[in-house]
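# Coordinate inspection notes
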Amino acid sequence: MAPRLPLSIKLTRRAVARRDLFCELVQRAVRPSQADAAFAFHAFAFKADEDEFARELMFRRTELWLFRSNQRASCGDFLAVDMSSPWAARRRSYVIELKRGMPVRIGGGAVGVQLQNAASAVQALAQKGDVLGVEGAYVTVAGDRAEILAMFARGARL
C-alpha cells in the first residue's frame, strides 16, 4: 500500500538549488518510513526543466512562496502564493501546470486531468491557516515554462 502523502510541500531556494537538500526537504515534509522514502521522493521530484522553472520563478518573484505539488495527485506542477499581503485572506494563489510549447492559458483548458484536484491542493494549503484564507481562491495557469516565467516577471496580476 502506498503511503499517504501531502498534496504539496513548500520549496526553499536552497533546496531547489541542490538536489541533496531537495531530498532532505522531501524527507522532512513527508516523514516516510525507510521503505516508502523512494515513493515519496518520486511523488515530488522534478522532471525535465521543472527545477529550472522553480529556481527562476523564486529568483524573479521573491514575494511568491512556491510549493511543489504531489505529482501523483493531479493537482498541477506547482502552487504559488503571493505573500505580499499580510492578511492570508487577501493573498492570491496560482496552480501552475507546465506544458512545453503550449501558449499560456489562464483558468485551465487543454491540460487533461493534471488540474482536476487543484481545488483540493489549495484547500489543503488554506487549512493550515497561515498561508491562505479559508476560501482558498486560486487561478490556474497552464502553458510553456518560458511564457509563464515571462508573465510572472512582468508582474501580471491574474
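Structure report, in brief. (Residues numbered from 1 in each chain as written. Predicted model: local features only at pLDDT ≥ 70, side-chain atom pairs only at ≥ 80, totals over all residues. Heavy atoms only, no water.)

Moving on, we get to the overall build of the protein chain. When helices and strands are counted, the protein chain shows 6 helices and 6 strands. Taken against the 2.2 N^0.38 rule, which gives 15 Å for 158 residues, the C-alpha radius of gyration of the protein chain at 15 Å falls within 12% of a compact globule. With respect to the principal axes defined by its C-alpha atoms, the protein chain has extents near 45 × 35 × 30 Å. For the protein chain, buried positions account for 46% of its 158 residues. (Helix = DSSP H or I, 4+ residues; strand = E, 2+ residues; numbered from the N terminus. Rg over C-alpha atoms; globule rule 2.2 N^0.38 Å. Buried < 20%, exposed > 50% of the residue type's maximum accessible area, 1.4 Å probe, protein only.)

Counted according to the given criterion, the structure contains 0 disulfides. No disulfide involves C23; its sulfur sits 20 Å from that of C75, the nearest cysteine. Taking relative accessible area as the criterion, C23 reaches 29% and is therefore assigned partly exposed. (Disulfide = S-S within 2.5 Å.)

With that out of the way, let us pick up the packing of helix α4 (residues 50–60) against helix α6 (residues 145–153). Here α4 crosses α6 at 10°, and the two axes come no closer than 10 Å. Considering their axes alone, α4 and α6 lie roughly parallel with respect to each other. Contacts between α4 and α6 involve E52, F53, E56, L57 and R60 from the first element and R145, I148, L149, A150, F152 and A153 from the second. Each residue belonging to the contact of α4 with α6 can be placed in one class, and the counts come to 7 nonpolar, no polar and 4 charged. (Axes fitted to C-alpha atoms, helices over the stretch in contact; angles between N-to-C directions. Parallel < 35°, antiparallel > 145°, perpendicular 65-115°, else oblique. Contact = heavy atoms within 4.5 Å. Nonpolar A, V, L, I, M, F, W, Y, C, P; charged D, E, K, R; others polar.)

What the rule picks out here adds up to 5 aromatic pairs. Where F46 meets F78, the ring centres are 6.2 Å apart and the plane angle is 25°; that geometry is what we call stacked. Residue F46 is found in the loop between α3 (37–44) and α4, and its partner F78 is found in strand β3 (residues 78–82); the two are separated by 32 residues along the sequence. Grouping residues by exposure puts F46 and F78 together as buried. Each ring, one from Y94 and one from F152, has its centre 5.2 Å from the other, and the planes form 85°; the classification is edge-to-face. Taken together, the positions of Y94 in strand β4 (residues 93–98) and F152 in helix α6 put the pair 58 residues apart, joining distant regions of the chain. The residues Y94 and F152 share a single accessibility class, namely buried. Three or more aromatic residues joined by ring pairs form one cluster here, namely F22, F41, F46, F53 and F78. (Phe/Tyr/Trp six-rings, centres within 6.5 Å; stacked < 30°, edge-to-face > 60°.)

Moving on, we get to the packing of helix α2 (residues 19–30) against α3. At their nearest, the axes of α2 and α3 sit 10 Å apart, and the two run at 110° to each other. Taken together, α2 and α3 sit at an angle that is classed as roughly perpendicular. Classified by chirality, the crossing of α3 by α2 is right-handed. Side by side, α2 and α3 meet where R19, F22, C23, V26, Q27 and V30 of the first sit next to A37, A40, F41 and F44 of the second. Considering only residue class, the contact of α2 with α3 consists of 8 nonpolar, 1 polar and 1 charged. (Left-handed = near helix turned anticlockwise from the far one by under 90°.)

This part covers the pattern of salt bridges. In the structure shown here, the tally under the stated rule is 10 salt bridges. As a salt-bridge pair, D49 and R145 come within 2.9 Å of each other at their nearest N and O atoms. Of this pair, D49 sits in the loop between α3 and α4 while R145 sits in helix α6, and the two are 96 residues apart along the sequence. The residue E63 makes a salt bridge to R61 at a minimum N-O spacing of 2.4 Å. (Salt bridge = Lys/Arg side-chain N within 4 Å of Asp/Glu carboxyl O.)

Glancing now at the nonpolar core. If you look at the biggest cluster of nonpolar residues, it comprises 32 residues, and the most contacted ones within it are L11, F78 and I96. Broken down by secondary-structure element, the contributors of at least two residues to this core are α1 (13–17), α2, α3, α4, β2 (64–69), β3, β4 and α6. With 18 residues, the next largest nonpolar core counts F67, M83, A118 and A142 among its residues. (Core = buried A, V, L, I, M, F, W, Y, C linked by side-chain atoms within 4.5 Å.)

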